[in-house]
Each structure stands twice: as C-alpha cells, then as structure tokens.
Amino acid sequence: MGKITTLRRFVQVISFVVIVYGGIIFQQQIDTPLLPFVKAPEEFESEGREVLPGPEYKQVLDTYAPIKSCRLLREKGMFRGCFLHFLSESITWATPLKYFLPHLFLFVAACFFFGRFWCGWICPLGFISDVLTMIRRSLGLRHIKLPEAFQEGLAKFKYILLSFIILISLAIAIPILPMTLRKEMFIPGCQMCPGRFVFPFFAGETPTAYGFYSPTLTFFSSLGLLFLSIFFMGFFVRRFWCRICPSGAFISLFNVGGAITKEKDVQKCTRCGTCERVCVMQNKKVYEERVNEDVSNAECILCLRCVDSCPQDDCLKVKFLGNKIFKSKFK
Amino acid sequence: MLQKIREFIKSLYETGYEEEAKRKYGIRKILREEKEGELERRLLEEGERNFRLMKKTPRPKGMKYYDDVIKGKRIKEIESFDGMVIGYFCNLVPEELIYASGALPVRLCSGFYDTINVSEELLPKDICPLIKSSFGFTVSNLPYSKFCNLIVIPTSCDGKKKLAEVLSNYLPVWTLDLPNTKSTKSKESWFVEVKILKKKIEKLTGAKITNKKLKESIELLHKRTQVFRRFYELRKKSVVTGSDALLVVQTSFYDDINRWIQKTEELCDELEENENKSDVRLLLTGSPIIWPNYKLLNIIEEHALIVVDELCSGTQHLYDPVVVDEYTTNGMLKAMAERYFSPSTCPCFTSSDDRIDRLLQMVDDFKVHGVIYYVLRLCQLYDLEAQKVRQILKGKRIPMIKIQTDYSQEDVEQIRTRIEAFLEMTKTKKKL
C-alpha cells in the first residue's frame, strides 16, 4: 500500500466517523458565519404537506454534502440526507428558489473543486465497499472483472438513473397524479439507495423495511433490493455500486474540467498496464490515452490508486488548480 | 458430474501444450564435431579477448565479480545445484514462477560465434545468428544448456518459434504462445498462458507454487529491479561504459540472485564516486547483443560512450517491476503476466509505438547525442522498425546510424570506419 492510499484510508475513516456519527458528535447546530448567504430553509407551506412532513432544515451543512445518512434517522442525530436527497426533495416540495439556489450553487462549487474526489476519499458507502474489498483480499479471494461491454453499459446507466430520479421528483411536484401514487414515489433515490439499508446498522437502528404492498412500492423496493445486492456484490466486484451511483453520476458531470486534474506524461508511460489493473472502477482511460496529457474522466473516482502504483517516476500527476499535489514514483 | 467438469476444464487447458513436452522422435545424438573441450576453450578465449578490449578504458573494481561469473565461475555452482534448472529464451518468461517453484532460471540466448558452425549442419544458413548460436549451444552440450531440465520459449519471432521445435528433439521444450498485439484479448490469452506455465512447472518440480512462495519470489525480484533502477539512474551521470553495464545485466541471466543484488549494490556504491567521462553520449538500440559478442560495443567505446541501451538483453531485461495490486494467486499471476507482456518493446508486436516512446524518453533522460541502431543480420523485425525510428529521431535532430552485422569478426574494420565517420558527424553537430 503506497503513501497515497494510506493517506486516503486515514481520510476515509475520519470522514466515515464524522458523517455517520457526526450528528451525535456535533450535537449543537453548526452555525455558518462564513457562508452568510446560505441559510437553512425555513418551514414553508406547500401542497401535500398533509401527506408527509416537509423538509425541516436546521443545519446548513445538513443539506449539501453529497452523501449523508438518511432522513429516516433524524432522531439518532445523524447527519441527514445526501445531496441527491436534497435535490429530489426540493423539487418535490417546490422549494422556493431563494432557499434552493444557494445550496445548489454551493454544491456545484464543491463539485467543481473536488469532483469525484468525494467518491474515492470521503463517501461512507464507498468506504464500506473498500472495507468489503479488504476483507475479500485478506481471505485470498480474487476479484471479478466485469465484461467490458457491461461496464460501458453501467457507465451510461448511472445517468439514466439520475434523470429517472429527477424526473420522478418533478412528476410529483406537478399536482396531476393522484395523491396515493405520489405518496409512494417520494424521494425515489432514497427508496432505492443501498445506504438506506446499510447505514442504520452503523447508527444502531433497525433499517426501514422494503414495502411491497402496492405496485409502485414493489417497483421501487425491488430496484432497491437489486441495488442492495449490487452493493454487497462489491465483495467480488470492486466498487460495484459506485459504478452506477446516481449521486456519483451528478458529481461526475464536473469531473472533467474541474479543479482537480489527472495528467499523464505519455512519453514516460511504458504501457505496463498497472493503472488499468489496479483501477477499482475498471477505467481504461488512463491506460489507453496516448496523445493527450489530461486523463481526467467521468468514471474516475480519484482514489489515485493508479498514481500510487505507477512504477514510472513523474509519469502520472494530480494537479489542483495547476499545482501538483500527487505524483507517481517507483518504489 | 463435478469431476467431469473439472476434467473437461483441465483438458481445455492442456490441449496442444502437452505435445511439446514429449520428445516424439527421441533424443538425437549430441553432435560433437570438435575435440572435447574445444568449444569451451574457444568460448573462454573469446571472453578474454573482450576483456582485453574493454580494459582500454579504466573499469570499476566491482566489475571483477561480473567478469568471474561470465567466465564460468557459475558453471560449477549450477552443476552442483540440486534441483531443477529451467532454461528460457527472451525476456518474456516470468522468472518469478521459476524461482517460486524452487528451480533455477537460466537465460539461454547466446552470442557465441563458434557454435554457429555446429548448428548450420542442421539448420538452414539464412536464419538469425542468435538462433543458430543458441541451438549450437544445446546441440554441442555446452553450459548452461546442458544443465537444463526444461526449456521455455515464448513464440516471439519466427526464429524462436521454430527454435522451439528443433530444440524439442533434444530437450523438453515448452512454448509460451505470445500474442502479436497488446489488446485486452491478447492480454487475457497471455495470462492463461502464464497460468498454464505455472501448472507445468508445478508438475515438473513436484512442488506446489504456493501464494507465500510466489510472494517471496516477487519480492526478491523486485529487490533486483530496485537495484537495477538505481544502477540505471546512475548511468545518467555516465559513470559506467555500455559494455560494463551490459555485462552487469547479462550476469543476472545465470547468477545467484541474492549475490547479484548484493554485488550490484556494492558496484553502485562504488560508481557513485566515479567521475563523469562522457564525450559523445550514445544510445544503443536494436537486436540483442549477448556475451561474448561485444564486437560492436568494443568498437564504439574506443571513441565514445554508450550511456544507455534499449536492448532486450540489457535494460529491458530488468527495468520493469512487477506491481502487485492484490496478493491473491490470481492477482499476483496477473501482475506477473502483465509485467512481462505489456511494457515489452519487442518488435514481435505489431506496433512499434511503445518502443519509440521508450527510445524518445531515453534520449531525453540521458541527453543523448546520437543513436546506434544495431540490426543482427537476418533479423527482419528490428530492420523493419529502423526506418520509422530514424524518421522520428530526425524530427528530434538526433542522428542515427544503422549497423547491420552478425557474430563474425570479418567486418570489424568496415564497421569501425562507419562508426568513426558517424561519431565525427555527431561531434560536429554537437558543436553547432
């Protein structure tokens, strides 16, 4: 394990604790004097209020981190809701733009600066996937490589999933559908997310059951169970869930052209294929690039395993706003 | 049922590979035209001649060890080594596997002129001298071929492919089916090939290659790569001649690996203090140059310095490390298969891009003034790539000379004249 991976594990453990138990650790509300324009949305009236309680944001930090534990666990003091949750909820409740836009702007800014750095270094679901990989490795079991065509399909599928979630949220906001149908489609992303099942265990809570008593619920629950099994298949297929995560899909839109860039010295590269082999996302871009320096791409979660294991000095570099932060080295 | 499936899978693995191991027509008689010990004597003589020529420039003290090994100090050790000795050709055979099985790997590529006569009685005249020489080594029962229990040959160039067949009349030979491209499909088939090799070696030695052993041997060879990289970095300061550097690499073909690592470490310590003695800095690339055929090196280094080489019998043999991702059996085998296959700059692969990039990087790293492109006569693959390399180097304003020769000493003066003219030109260009 190289230096970068060691550092990454350290960051992962800390952020896991902060994100999953942060609500308990930081009981007091987090005030944000630094960000005066971002205010926690207040209570407001909206149609459908009688069906489900509307959003009650009390903390600013609550709302824009891409993944936090679910709103269903509010009482336990965990941080609440990933950004996708916020997005879909805001659309559903038709949150006024003056509450919604600052958060969106802040999130997009974070995306621009960090890109999918989130996925590789901070995301607790990603960390659990990594732990599953570590367990498998210590048992001496091999990992499974997905067929290339399938992998390419998955890369596209995550965008379909993202647009599906946003579209459904929009559909609920339009008061045409019957209320019974709408009620069952609330926050579809969360209904399908494996985090819904996984995080409660860490927080010491029983996860909410997957409901099957209506066609809509059955649809979402079966998708949810499918994604849950995909998440646990991460034991054999490294970071399987991350390959289709809709939240990751949203962030990945900012991965190319963001502040963090991954660069490759194509002449120094010996095409040894190490970068492709170690990539948990089965990303071939770094290996296959032979002309351009910039090898950032949407599928990369910036875990930097490729940079860490590249045996050519200075061949792979990671830059933040043009400043070199990591580079490859022969060990 | 399960048994049947298992057998079926096993049969899939073994079809077509078992054949080579069987010596269908029995072992042919070992040819010996010359007197007993005549070839050995000639080999030593040839070596001594090389040493005399190399001595014109002062050599580091640490080189004495390598001289001794190449002269034959190692022969006695291997003779008394009890265990399997596995010979191989090319730098594409995973040595880690051989070390992990407890056997001893020996690279058999040969640069000895006199054995060519022996093999020409059995092989056609118009094939590459390396093949003829190596075949002659085995046929005339010279070290190190004579200790080999098995020979592993990757099907790289045409010569090597057929060498596998002719050699299989004398010794058990296994071929590794080397794909022609570096596509994903090829990588997978090469990986299967390495897996089969593992099974075969296990069967031969009777010892199972466990994960632990494999990991140990990978770590051992990684140490060797580390030492070599240190040596390689030192060469940037042009502290050692090209022939000495090549000798260092080529002793690793035979030598006890731990001792080699230790001695090379010592040599590096010595070289740290060596002074810069470069005048015209050259890069040597092309067909393999193997002891004792240091003809070209000796001619060049009368006047200039080869700071770096890109030969498969030189830098390429030790440069690339095995980077293991996961220490599972599969992970290690994959890392190993990839190390020997993917970064290979062998012209047997359809594309020469990797090789050209490697050359350009060397030109940049070592601040080279000129490139010597060595083509072994009748080695079409290297010959075919020469034109592209020349054009690209021309774009970088680096002069290149192509020298086409074989193992004989006939054309020494001719080559000398050409090299001298080339060096003159390079010097003028350097001043400009």
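Please read all numbers here as calculations on a predicted model, not as lab measurements.

1. Looking at the overall build of chain A
Reasoning step 1: A tally of helices and strands in chain A yields 15 helices and 3 strands.
Reasoning step 2: For chain A, the proportion of its 331 residues judged to be buried stands at 59%.
Reasoning step 3: Residue pairs at least 24 apart in sequence account for 69% of intrachain contacts in chain A once pairs closer than 6 positions are excluded.
Reasoning step 4: Surface accessibility of chain A: about 14,600 Å² in total, with carbon and sulfur atoms responsible for 70%.

2. Some thoughts on the pairing of strand β4 (residues 173-176) of chain B
Residue and element names in this part refer to chain B.
Reasoning step 1: Here β4 shows two buried faces, one formed by Val173 and Thr175 and the other by Trp174 and Leu176.
Reasoning step 2: Across 4 bridges, strand β3 (residues 150-154) lies against β4 in parallel orientation. The residue of β4 that forms the bridge with Ile151 is Val173.
Reasoning step 3: This β-α-β element, β3 to helix α8 (residues 158-167) to β4, shows right-handed connectivity.

3. Details of the interface of chain A and chain B
Reasoning step 1: At the interface, 29 residues of chain A touch 29 residues of chain B.
Reasoning step 2: Interface of chain A and chain B: buried area, both sides summed, is about 2,400 Å²; carbon and sulfur atoms make up 43% of it.
Reasoning step 3: The largest per-residue losses of area from chain A upon contact with chain B belong to Gln267, Arg277 and Phe330 of chain A, which jointly make up 30% of the total buried on that side.
Reasoning step 4: The tally of links from chain A across to chain B stands at 11 salt bridges.
Reasoning step 5: Salt-bridge contacts for Glu276 of chain A lead to Lys187 of chain B; the nearest nitrogen and oxygen are separated by 3.1 Å.

4. Some words on the domain arrangement of chain A
Residues and elements named next belong to chain A.
Reasoning step 1: Under the domain assignment used here, chain A contains domain 1 (3-250) and domain 2 (257-327).
Reasoning step 2: Counting from both sides, the interface comprises 25 residues of domain 1 and, opposite them, 25 residues of domain 2.
Reasoning step 3: One can count 3 salt bridges joining domain 1 with domain 2.
Reasoning step 4: The partner of Lys145 in a salt bridge is Glu276, with the nearest N and O atoms 3.9 Å apart.
Reasoning step 5: At the boundary of domain 1 and domain 2, one finds 14 residue pairs in polar contact (both at pLDDT 80 or more).
Reasoning step 6: Put simply, the parts of the chain that give the side of domain 1 that touches domain 2 at least two residues each are α1 (3-25), α4 (97-114), α5 (117-122) and α7 (148-173).

5. Digging into the sheet that holds strand β2 (residues 316-320) of chain A
All names here are of chain A.
Reasoning step 1: One open sheet accounts for 3 strands, arranged β1-β2-β3; its pairing is antiparallel. The two strands at the open ends of the sheet, each matched to only one other strand, are β1 (260-264) and β3 (323-327). Looking at each pair of strands side by side, their axes are set apart by 30° on average, direction ignored.
Reasoning step 2: Two elements, β2 and β3, share 4 bridges in a ladder whose sense is antiparallel. Counted as the bridge partner of Phe320 is Asn323 from β3.

Conventions we followed
Position numbers for residues count from 1 along each chain, tracking the sequence in the order it is written. Just so you know, chain letters begin at A and ligand numbers begin at 1, following the order they were written in. Two thresholds apply to this predicted model, a pLDDT of at least 70 for residue-level local features and 80 or more for giving and counting side-chain atom pairs, whereas whole-chain, interface and lining totals are computed over all residues. The basis for the side-chain values is all heavy atoms of the structure; hydrogens and waters are excluded. A run of H or I in DSSP becomes a helix once it reaches four residues, and a run of E becomes a strand once it reaches two; helices and strands are each numbered from the N terminus. Each residue is placed in one exposure class: buried if its accessible area under a 1.4 Å probe, protein chains only, is under 20% of its type's maximum, exposed if it is over 50%, and partly exposed if it falls in between. Two residues form a contact once any of their heavy atoms are found within 4.5 Å. Where accessible areas are quoted, they stem from the Shrake-Rupley method and a 1.4 Å probe; at the residue level, only the protein chains shown are allowed to cover. Only strands that DSSP links by at least two bridges are regarded as paired with each other. Seen with its strands pointing away from the viewer, a crossover is right-handed when the path leading from the first strand over the helix to the second is clockwise. Two parts placed together each lose some accessible area; with a 1.4 Å probe, that loss summed over both constitutes the buried area. Each reported salt bridge corresponds to a side-chain nitrogen of Lys or Arg within 4 Å of a carboxyl oxygen of Asp or Glu. Note that the domain bounds reflect an automated or database-derived domain assignment. Polar contacts, as counted here, are pairs of nitrogen or oxygen atoms within 3.5 Å of one another; within protein the pair requires one atom able to donate a hydrogen and one able to accept it, and residues that are adjacent in sequence qualify only if both atoms are side-chain atoms. Note on method: axes are straight lines fitted to C-alpha atoms, helices fitted across the in-contact stretch only, with angles between N-to-C directions ranging 0 to 180 degrees.

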